[in-house]
Amino acid sequence: MSLPRHVAIIMDGNGRWAEAHGLPRYRGHLAGHGAIREAVQGALDAGVDWLTLFAFSTENWRRPSSEVQALFDLFESVLREETPELVEQGVRIHIIGERGDLPATLREAIDTAERISAGQSRLHLVGALNYGGRQEIVQAAARLAARGEPIDETSLRSALYLPEMPDPDLIVRTSGELRLSNFFLWQSAYSEIWVTETLWPDFTKEEFAHAIRAYQSRQRRFGGVPQG
Ligand code: IPE
Ligand code: IPE
Ligand code: MG
């Protein structure tokens, strides 16, 4: 089968990685920075058009505020440190989710990353930050209803955070959990799912390539019958 156009990753297992190394949870998040670089490199090497990284869910506010703050600090420094090199590599950055609730300095880093990468198109890198699949659908429907527009599949899709983004062909989750955790509920209707036991900080570009090979051995049917 052909290359997936869009790969989305649920980056999970930072806390367990930290625990396994006798470190506080936030150190696991810090260690996840390297895995983000690996995933982006894997996507560039493979030549996929879109890569989404699920970084913070609308439910992750339930964590201790010190951990939430550590995550926001990390996202800000990843954006500030990585964006110039990403732009050089032809990467366009998009952030989806409820931005208004994020700290002002993080919102600034997001705006800057989106602005200075806006001319790139080799790889679209989507960060899902304060993102919830249910919230996205409800908000899209509410927006259409407020405008008095009909609600159908086409109009609802056009009211999602990033209408031009194709549905993910492949969703990868690290750390062995077999659930979506409110990620891409609309977009995952026919996504292939691949789960690895690897904890996020240990994820590599080689494992990204492995996930793509696994995807290529699948048969997608979209409700039809197997193709000859
Ligand atoms: C993923 O790692 C990072 C976020 C969800 C923000 P976790 O922090 O969920 O790690 P585990 O699941 O506790 O190991
Ligand atoms: C999903 O991981 C969210 C992100 C990776 C950002 P969680 O660790 O929050 O998921 P649950 O709570 O185990 O379902
Ligand atoms: Mg987790």
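About the criteria used
- Residues numbered from 1 in each chain as written.
- Chains lettered and ligands numbered in written order.
- Predicted model: local features only at pLDDT ≥ 70, side-chain atom pairs only at ≥ 80, totals over all residues.
- Heavy atoms only, no water.
- Pairing = 2+ DSSP bridges.
- Helix = DSSP H or I, 4+ residues; strand = E, 2+ residues; numbered from the N terminus.
- Axes fitted to C-alpha atoms, helices over the stretch in contact; angles between N-to-C directions.
- Contact = heavy atoms within 4.5 Å.
- UniProt positions renumbered as here; feature names shortened; annotations may be inferred.
- Buried < 20%, exposed > 50% of the residue type's maximum accessible area, 1.4 Å probe, protein only.
- Lys, Arg positive; Asp, Glu negative; His and termini not counted.
- Salt bridge = Lys/Arg side-chain N within 4 Å of Asp/Glu carboxyl O.
- Expected span 1.5 Å × (residues − 1).
- Bend = angle between axes of the 7 residues up to and from the residue.
- Near = heavy atom within 4 Å.
- Polar contact = N/O pair within 3.5 Å; in protein donor to acceptor, adjacent residues only side chain to side chain.
- Areas by Shrake-Rupley, 256 points an atom, 1.4 Å probe, with all protein chains shown as cover.

Whether parallel or antiparallel, the strands of a sheet pair through hydrogen bonds between backbone atoms. Read across the sheet, six strands follow the order β3-β4-β2-β1-β5-β6 without closing on themselves; strand pairing throughout is parallel. Strands with a single pairing partner mark the edges of an open sheet, and in this sheet they are β3 (91-96) and β6 (192-195). On average, each strand axis in the sheet is inclined to that of its neighbour by 20 degrees, with strand direction left out of account. Two strands pair when backbone bridges link them, and strand β1 (residues 6-10) and strand β2 (residues 50-57) are joined in this way by five bridges, in the parallel orientation. Note on β2: the bridge partner recorded for I10 is F54. Against the sheet, helix α4 (residues 104-116) touches β3 and β4 (123-131), its axis set at about 145 degrees to β3. Strand contacts of helix α7 (residues 205-216): β1, β2, β5 (170-173) and β6, with the helix running at about 140 degrees to β6, the strand carrying the most contacts.

Before going further, it helps to examine the UniProt feature "binding site: Mg(2+)" (unreviewed entry) in the chain. According to UniProt, the feature "binding site: Mg(2+)" (unreviewed entry) maps to D12 and E192 in the numbering used here. With respect to the helices, strands and loops of the structure, D12 is situated in the loop between β1 and α1 (14-20). You can call D12 buried: its relative accessible area is 16%. Once residues within four sequence positions are removed from consideration, D12 is found in contact with R173, T174, S175, E177, L199 and W200. Inspection of the secondary structure assignment puts E192 in strand β6. When residues no more than four places from it in sequence are discounted, the contact partners of E192 are D169, L170, I171, Y215, R218, Q219 and R220.

This paragraph deals with the side chain of E136. Its location among the elements puts E136 in helix α5 (residues 133-146). Here E136 is buried and forms no salt bridge, its nearest opposite-charge partner R143 lying at an N-O distance of 8.0 Å. Those residues within four positions of E136 in sequence are excluded, and the remaining contacts are Y131, L160, Y161 and Q187.

It is worth spelling out helix α3 (residues 65-88) at this point. For α3, which comprises 24 residues, the first-to-last C-alpha distance of 35 Å matches the rise-based estimate of 34 Å (1.5 Å per residue) to within 8%. The largest bend in α3 comes to about 45 degrees, at E82, with the proline P84 one to four residues further on. Of the residues one or two after α3, G90 is the one with positive phi, at around 85 degrees.

We now examine the site of ligand 1. Taken together, M11, D12, G13, N14, G15, R16, R25, H29, A55, N60, R63 and L71 make up the full set of residues adjacent to ligand 1. Between an oxygen atom of ligand 1 and a side-chain N or O atom of D12, the distance comes to 2.9 Å. In the model, an oxygen atom of ligand 1 is placed 2.7 Å from a nitrogen or oxygen of the R63 side chain. Contact with the protein chains covers 86% of the free accessible surface of ligand 1, which is 380 Å². For the shell around ligand 1, the secondary-structure elements that each account for two or more residues are α1 and α2 (25-46). In terms of residues, the shell around ligand 1 owes the most to one element, α1, which gives three residues.

The next thing to look at is the site of ligand 2. Taken together, I10, M11, D12, F54, A55, F56, S57, N60, R63, R173, R179 and S181 make up the full set of residues near ligand 2. At 3.2 Å from an oxygen atom of ligand 2 is found a side-chain nitrogen or oxygen belonging to R63. Between ligand 2 and R173 there is a distance of 3.3 Å, counted from an oxygen atom to a side-chain nitrogen or oxygen. Here ligand 2 loses 78% of its free accessible area of 390 Å² to cover by the protein chains.

On to α2, then. The terminal C-alpha atoms of α2, which comprises 22 residues, lie 32 Å apart, in line with the 32 Å expected from a rise of 1.5 Å per residue. For α2, the principal kink sits at H33 and spans about 25 degrees. Among the residues making up α2, those that are buried are G28, H29, G32, H33, A35, I36, A39, V40, G42, A43 and L44. Taken from the residues just after α2, G47 is the one with a positive phi, measuring 85 degrees.

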